[in-house]
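# Commentary on secondary and tertiary structure
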Amino acid sequence: IKGLPTILLMFFCACSIEFCCGVWGSTFLVEHRGVQIDTAARILTFYYIGIALGRFWSGIVSVKISSERLIWIGESLFVPAIILLLIPGSASLSAVGLFLAGCGISPIYPNLMHLTPKFFGRSFSQSVMGIQTAISYIGMMLSLPLFGILAQHISVGLYPYYMLAIFLILLIATIKSKVKATKN
């Protein structure tokens, strides 16, 4: 189906980022930034609050803003998140970065799902949604241990760079895909 590989790549990357941020965030804070374990757990809570608020917000505004636009807004929020995580410094910067990462990544998966019938037609949408869900799980399954291997053999300090690399692939796929930022 024309355009499906690009959309599948978007699902793969979005879910990879979403789960890697959550699973490896506190390890990054503890082992690379020297944050105490309990503080790192509290900071990571901001990531999950960002996801919850981002999904809630995108659901509320979806009546006024298109799914395409919500995906672009989410990706734009992810840029300052990565920048904040790249800056060595305080736990506060990391907390804000993780919060923005959660807010930024949260609208992508549900809005891509919502766009499936528009992109591929109603007759294919059920089958395509099954494939999209499968590739999302594959993204989670592969990206988590891959970062673990990198962290173990190189450094857990690669965390923001790893997120950035996956995000750049997501961004390129978004630009290449049918997801165009529409005005409504």
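This section reports on the structure supplied with the text. (Residues numbered from 1 in each chain as written. Predicted model: local features only at pLDDT ≥ 70, side-chain atom pairs only at ≥ 80, totals over all residues. Heavy atoms only, no water.)

### Looking at a nonpolar patch on the surface
Together, Phe46, Ile49 and Leu53 line one region of the surface with nonpolar side chains, adding up to about 250 Å² of accessible area. In this fold, isoleucine 49 is placed in helix H2 (residues 37-61). (Patch = residues over 30% accessible without salt bridge, like charges linked within 9 Å, V, L, I, M, F, W, Y side chains within 5 Å. Areas by Shrake-Rupley, 256 points an atom, 1.4 Å probe, with all protein chains shown as cover. Salt bridge = Lys/Arg side-chain N within 4 Å of Asp/Glu carboxyl O. Helix = DSSP H or I, 4+ residues; strand = E, 2+ residues; numbered from the N terminus.)

### Details of the packing of helix H3 (residues 67-86) against helix H5 (residues 108-120)
Put simply, H3 and H5 touch, their axes get as near as 9 Å, and they point 155° apart. Classed by the angle they form, the pair H3 and H5 counts as roughly antiparallel. Crossing handedness for the pair H3 and H5: left-handed. Of the residues in H5, those in contact with Ser67, Glu68, Leu70, Ile71 and Glu75 of H3 are Ile108, Asn111, Leu112, His114, Leu115 and Lys118. (Axes fitted to C-alpha atoms, helices over the stretch in contact; angles between N-to-C directions. Parallel < 35°, antiparallel > 145°, perpendicular 65-115°, else oblique. Left-handed = near helix turned anticlockwise from the far one by under 90°. Contact = heavy atoms within 4.5 Å.)

### Considerations on the nonpolar core
Counting residues in hydrophobic clusters, the biggest one holds 48 residues, and the most contacted among them are Ile17, Tyr159 and Met163. At the level of secondary structure, the elements contributing two or more residues to this core comprise helix H1 (4-31), H2, H3, helix H4 (91-105), H5, helix H6 (122-153) and helix H7 (159-176). When residues in this core are grouped by element, the largest group, 13 residues, is from H1. Contact partners of methionine 163, with chain neighbours within four places excluded, come to Ile17, Cys20, Cys21, Phe78 and Ile82. (Core = buried A, V, L, I, M, F, W, Y, C linked by side-chain atoms within 4.5 Å. Buried < 20%, exposed > 50% of the residue type's maximum accessible area, 1.4 Å probe, protein only.)

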